[in-house]
Amino acid sequence: VFAYASGMIGGEYKGVVHIMINDQFLPDTTLPLGLSVFGTPQIAVNPLTLTFDTLLVGASQTLPVTVSNTGSFPLNVTNVTTSNADFSAVPLTLTVEVGEADTIDVTFNQSIAQLYTETMRIFSDDPVIPVTTVNLVGLANNAPIVGVTPDTFDVTLTPDSSTTRILTISNT
């Protein structure tokens, strides 16, 4: 008997081996067969770099990261961390079945105008890649401040007359 587990999902398998002989009293003898396949999860993450739009300070944006299981046993994501509190992720734990995918939503909610280059780490029970790193990139700008000169207009006109005044609008 030869057992071949390639491409099988981890688990317990039961079967029967039939032995056919030319004995008139026992032409078919059966032998129970058990096979234990020890599968392993395998993580695949896409994208490995998450680039957020340029945002004004105080605004936020959420983008998805897909976690797939290309292995032969359920994948457990045990924690998700970010290197800066201006980025957050949910959920922090999840289970991805064999051949399936799930999403981690990453939110960029910055507090200071600057370029952010941070990382998110996904911890799992993948025996080969237990930690997967996703690069996080975002840019925050201060909101523009509008200036108007003059700040008021006082005009006196007679009926059927008009006047022109200059209004200067600036962005500081």
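Residues numbered from 1 in each chain as written. Predicted model: local features only at pLDDT ≥ 70, side-chain atom pairs only at ≥ 80, totals over all residues. Heavy atoms only, no water.

Asks: What should I look at first to understand the overall build of the protein chain in this one?
Replies: Within the protein chain, the secondary structure is distributed over 0 helices and 13 strands. Put simply, the protein chain runs from its N terminus to its C terminus through helices and strands in the order β-β-β-β-β-β-β-β-β-β-β-β-β. Against the compact-globule benchmark of 16 Å for 172 residues, the protein chain has a radius of gyration of 32 Å, which places it well outside the compact range. For the C-alpha atoms alone, the extent of the protein chain along its principal axes is close to 125 × 40 × 20 Å. (Helix = DSSP H or I, 4+ residues; strand = E, 2+ residues; numbered from the N terminus. Rg over C-alpha atoms; globule rule 2.2 N^0.38 Å.)

Asks: Any chance you could explain the sheet that holds strand β5 (residues 61–69) here in plain terms?
Replies: Sheet strands pair via backbone hydrogen bonds, and the direction of the pair is either parallel or antiparallel. Read across the open sheet, the 4 strands follow the order β3-β5-β9-β7; overall the sheet is antiparallel. Bordering the open sheet on either side are β3 (43–46) and β7 (87–90), each of which pairs with just one other strand. For this sheet the average axis-to-axis angle between neighbouring strands, irrespective of direction, equals 25 degrees. In this structure, β5 lies alongside strand β9 (residues 101–108), joined through 8 bridges in antiparallel fashion. Bridge pairing in β9 links Leu63 to Val106. (Pairing = 2+ DSSP bridges. Axes fitted to C-alpha atoms, helices over the stretch in contact; angles between N-to-C directions.)

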